[in-house]
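Take a look at the letters that make up each chain.
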Amino acid sequence: MVKVYTIASGKGGTGKTTVTANLGPMMARYGKRTCILDADVGMANLGLILGLEDLPVTLHEVLAGKARVKDAIYEGPFGVKVVPCGLSLQGFQESNPDRLRDVMADLVSEFDILILDAPAGISKDGVIPLTVADGVILVVNPEISSIVDAIKTKILTETVGGHVEGAIINRIAGNRDEFNRAQMEKLLGVRVLGVIPEDPNVRRASAGRAPVVVKYPPSDASRAFKRLSADIAGIEYVEEAAPVSEESFIDRLARALFRAKA
Ligand code: ADP
Ligand code: MG
């Protein structure tokens, strides 16, 4: 059975696209047939951070009724399939968000997991992704304005008949004034599925047009994304062994000296 997740927030910039771009490839790596879609049709950037742009057919053309979704599926890292949006404003204006339901219906038989990167806010193109998901996952930063916006998104989801699966707390920096996991669960009224630290490697990876799990696998954010992906995919997480470091100069010297004495 396919599982459809929508990554939502309320406030912009909490890390929805980052979460989508990292969970998708990891789920694919764990053996799930996974497709990630850029449902943020106005401010599309999922393709951008995955190195996919200037494509002939995107979700824009599909939502405009000019193309079929199978022609807008591209190959992403670790075998994840990606349905990006175009960058033009005209493409956005011609898109009909209602068509998203048909797009999902066309994809369900092909995949185990579909992940939609939703827009911020409560416009029509933002509400439909909340209704087509089996589970909405809220991406929240550990600060009051982000929490309040996430609560509004939770209420909106439930009002339109959707279901909130849980929340991901993104950009935990370990400051004293931050809300902790238990406080967030109490305020949001949903389970916290995972916690992703603030990590400069996330931005560095985006600048290099790849998700952090691909570009900097041993980083703190990558390890958190791997654990979270395994949890959501329902598989056991095994921490990958750190790469064996090369023999240092001191080791080599010690070995040479020892051999000379023997
Ligand atoms: P949204 O899709 O919710 O608008 P993005 O995923 O585009 O948010 O993230 C907004 C900015 O925050 C980006 O520049 C991204 O690189 C950065 N960012 C997201 N998560 C983290 C993190 N855990 N650590 C550091 N920077 C992050
Ligand atoms: Mg985004």
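Everything here concerns the structure above.
Predicted model, so just to flag it, every value in this text is computed and none were measured. (Residues numbered from 1 in each chain as written. Chains lettered and ligands numbered in written order. Predicted model: local features only at pLDDT ≥ 70, side-chain atom pairs only at ≥ 80, totals over all residues. Heavy atoms only, no water.)

K.L.:
Help me understand the overall build of the protein chain, please; the structure alone is not making it clear to me.
P.N.:
On a plain count of helices and strands, the protein chain comes out with 12 helices and 8 strands. The dimensions of the protein chain, computed from C-alpha atoms along their principal axes, are 80 × 45 × 35 Å. Here the protein chain holds 262 residues, and the buried ones make up 48% of them. Here the contacts in the protein chain between residues at least 6 apart in sequence split such that 73% fall between residues at least 24 apart. (Helix = DSSP H or I, 4+ residues; strand = E, 2+ residues; numbered from the N terminus. Buried < 20%, exposed > 50% of the residue type's maximum accessible area, 1.4 Å probe, protein only. Contact = heavy atoms within 4.5 Å.)

K.L.:
Is there a simple way to explain helix α7 (residues 144-159) in this structure?
P.N.:
Helical periodicity: at 3.6 residues per turn, an α-helix aligns residues three or four positions apart in one direction. Relative to the 22 Å expected for 16 residues at 1.5 Å per residue, α7 spans 23 Å between its end C-alpha atoms, a close match to the ideal helical length. Buried within α7 we find Ser146, Ile147, Ala150, Thr153, Lys154, Leu156 and Thr157. For α7, the elements touching its buried residues are β1 (3-8), α6 (124-132), β6 (135-140), β7 (164-172) and α8 (181-188). Phi for Gly161, located one or two positions after α7, is positive at around 90°. (Expected span 1.5 Å × (residues − 1).)

K.L.:
In this structure, what is going on with the side chain of Thr153? I would like to understand it.
P.N.:
Secondary-structure assignment places Thr153 in helix α7. For Thr153, a relative accessible area of 7% gives the class buried. At a separation of 2.9 Å, a polar atom in the side chain of Thr153 contacts the main-chain carbonyl oxygen of Ser9. The residues touching Thr153, leaving out its near neighbours within four places in the chain, are Ala8, Ser9, Gly10, Leu130 and Leu138. (Polar contact = N/O pair within 3.5 Å; in protein donor to acceptor, adjacent residues only side chain to side chain.)

K.L.:
Looking at this structure, how should I read the state of the cysteines?
P.N.:
A covalent bond between the sulfur atoms of two cysteines is referred to as a disulfide. Tallied over the full model, the rule gives 0 disulfides. Left unpaired, Cys35 is separated from the closest cysteine sulfur, that of Cys85, by 12 Å. (Disulfide = S-S within 2.5 Å.)

K.L.:
In this structure, what is going on with the pairing of strand β2 (residues 34-38)? I would like to understand it.
P.N.:
Note on strand geometry: in a regular strand, side chains alternate between the two faces of the sheet. The buried count for β2 comes to 5 of 5 residues, which makes it a mostly enclosed element. Where β2 lies against strand β5 (residues 113-117), 5 bridges are found, and the strand directions are parallel. The partner of Thr34 across the bridge, within β5, is Ile113. In the sheet, β2 pairs with strand β4 (residues 81-83) via 3 bridges, with the strands oriented parallel. Bridge assignment links Leu37 to a residue of β4, and that residue is Val83. (Pairing = 2+ DSSP bridges.)

K.L.:
Even after reading the chapter, I still don't get the packing of helix α1 (residues 16-29) against helix α11 (residues 220-233), so can you show me in this structure?
P.N.:
Think of two packed helices as two axes; the pair is described by the angle between the axes and how far apart they sit. Two numbers describe how α1 lies on α11: the axes approach to 9 Å, and their chain directions differ by 65°. With respect to each other, α1 and α11 are oriented roughly perpendicular. The handedness of the crossing between α1 and α11 is right-handed. Of the residues in α11, those touching α1 at Thr18, Val19, Asn22, Leu23, Met26 and Met27 are Phe225, Lys226, Leu228, Ser229, Ile232 and Ala233. Of the residues assigned to the contact of α1 with α11, the class counts are 8 nonpolar, 3 polar and 1 charged. (Axes fitted to C-alpha atoms, helices over the stretch in contact; angles between N-to-C directions. Parallel < 35°, antiparallel > 145°, perpendicular 65-115°, else oblique. Left-handed = near helix turned anticlockwise from the far one by under 90°. Nonpolar A, V, L, I, M, F, W, Y, C, P; charged D, E, K, R; others polar.)

By themselves, these are just geometric observations and shouldn't be taken as functional.
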